[in-house]
Amino acid sequence: MKAHNEKKAQILYDYLDQSSMFRGTVVPEDRSLMNVLVTGDRELDARFIREAAGAGFVNLKGHRTVGGMRASIYNAMPISGVKALTEFMQKFEEENR
């Protein structure tokens, strides 16, 4: 399970590390394998959350005091789900430059 979760986190962090729109909020050595935060500006965050929900990605809104977005990639999330999310993020980024 640990290796599975590390692979999912790596997929998402690899995308975040090369993205010009989305970014992680934690330094690499302290990154979570389960609850990954990604942020943009407030307007883009809100648009992303709306469009993601329309594409079937739900519960991405970040904590009420932290803001941004949150991708919870807990044990039940399959690798295919993380890949689908990063593909959606890439498409969103390309369409909103």
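A brief report on the enclosed structure follows. Fair warning: this is a prediction, and the values are worked out from it, not measured in the lab.

Quick look at the pairing of strand E3 (residues 69-72)
Then, number 1: By the alternation rule, side chains of E3 split into Met69 and Ala71, which are all buried, and Arg70 and Ser72, of which none is buried.
Then, number 2: Across four bridges, strand E2 (residues 35-39) lies against E3 in antiparallel orientation. Looking at the pairing, Leu37 lines up with Arg70 of E3.

Structural notes on the sheet that holds E2
Then, number 1: Pairing within the open sheet is antiparallel, and its three strands lie in the order E1-E2-E3. Of all the strands in the sheet, just strand E1 (23-24) and E3 have a single pairing partner and so form its edges.

Considering the environment of Val26
Then, number 1: When you line up the elements, Val26 lands in the loop between E1 and E2.
Then, number 2: Separated by 56 residues in sequence, Val26 and Val82 have C-alpha atoms that sit 19 Å apart.

Looking at the packing of helix H1 (residues 2-18) against helix H3 (residues 79-95)
Then, number 1: Taken N-terminus to C-terminus, the directions of H1 and H3 make an angle of 5°; their axes are 9 Å apart at the nearest point. When the axis of H1 is compared with that of H3, the two are roughly parallel. Counted together, His4, Lys7, Lys8, Ile11, Leu12, Tyr15 and Leu16 of H1 and Ile79, Val82, Lys83, Thr86, Met89, Gln90 and Glu93 of H3 form the full contact between these two elements.
Then, number 2: When its residues are assigned to classes, the contact of H1 with H3 shows seven nonpolar, three polar and four charged.

Some thoughts on H3
Then, number 1: Taking 1.5 Å of rise per residue, 17 residues should cover 24 Å, and H3 covers 25 Å from first to last C-alpha, within 8% of that figure.
Then, number 2: Listed as buried for H3 are Ile79, Gly81, Val82, Leu85, Thr86, Phe88, Met89, Phe92 and Glu93.
Then, number 3: Where H3 is buried, its residues touch H1, E2, helix H2 (42-54) and E3.

Brief notes about the nonpolar core
Then, number 1: Counting 24 residues, the largest nonpolar core has Leu12, Leu16, Phe22, Phe48, Leu60, Leu85 and Met89 as its most contacted members.
Then, number 2: When residues of this core are traced back to their parent elements, those giving at least two are H1, E2, H2, E3 and H3.
Then, number 3: What Met89 contacts, discounting residues up to four positions off in sequence, is Leu12, Tyr15, Leu16, Phe22, Val38 and Phe48.

Notes on H1
Then, number 1: Under the 1.5 Å per step criterion, the end-to-end length of H1 is 24 Å for 17 residues, consistent within 8% with the ideal 24 Å.
Then, number 2: Within the sequence span of H1, burial applies to Asn5, Lys8, Ala9, Ile11, Leu12, Tyr13, Tyr15 and Leu16.

Topic: the packing of aromatic side chains
Then, number 1: In total, this model carries six aromatic pairs according to the counting rule given.
Then, number 2: A ring pair is formed by Phe22 and Phe92, whose centres lie 6.1 Å apart and whose planes are at 50°; its orientation type is tilted. Here Phe22 is found in the loop between H1 and E1, whereas its partner Phe92 is found in helix H3, with 70 residues between them in sequence. We note that Phe22, like Phe92, is buried.
Then, number 3: With a centroid separation of 5.4 Å and 40° between ring planes, the pair formed by Phe57 and Phe88 is classed as tilted. Of this pair, Phe57 sits in the loop between H2 and E3 while Phe88 sits in helix H3, and the two are 31 residues apart along the sequence. Taken individually, Phe57 and Phe88 each receive the classification buried, so the pair is uniform in this respect.
Then, number 4: An aromatic cluster is present here, built from Tyr15, Phe22, Phe48, Phe57, Phe88 and Phe92 joined pairwise through their rings.

Basis of the calculations
Each chain carries its own residue numbering, running from 1 in the direction its sequence is written. A pLDDT threshold of at least 70 governs which residues receive local features in this predicted model, and a stricter bar of 80 or more applies before side-chain atom pairs are shown or counted, although totals over entire chains, interfaces and linings include all residues. For the side-chain quantities, the full set of heavy atoms in the structure was used; hydrogens and water were omitted. With a 1.4 Å probe rolled over the protein chains alone, any residue whose accessible area is under 20% of its type maximum counts as buried; one over 50% counts as exposed, and the rest are partly exposed. The way it works is that DSSP assigns letters per residue, a run of H or I at least four long becomes a helix, a run of E at least two long becomes a strand, and they are numbered from the N terminus. Pairing between strands is defined by DSSP: at least two bridges between the two strands are required. Note on geometry: axes are lines fitted to C-alpha atoms, helical ones only across the stretch in contact, with angles between N-to-C directions running from 0 to 180 degrees. Angles are sorted into four bins: roughly parallel if under 35 degrees, roughly antiparallel if over 145, roughly perpendicular if 65 to 115, and oblique for all others. What makes two residues a contact is simply this: any of their non-hydrogen atoms within 4.5 Å. Gly is placed with the polar residues, together with every amino acid not listed as nonpolar (Ala, Val, Leu, Ile, Met, Phe, Trp, Tyr, Cys and Pro) or charged (Asp, Glu, Lys and Arg). Expected span, for any helix, means 1.5 Å times one less than how many residues it has. Grouping buried Ala, Val, Leu, Ile, Met, Phe, Trp, Tyr and Cys residues that are joined through side-chain atoms within 4.5 Å yields what is termed a nonpolar core. For this analysis, a ring pair means two rings from Phe, Tyr or Trp (six-membered ring only for Trp) whose centres lie within 6.5 Å, classed as stacked if their planes differ by under 30 degrees, edge-to-face if by over 60, and tilted for the remaining angles.

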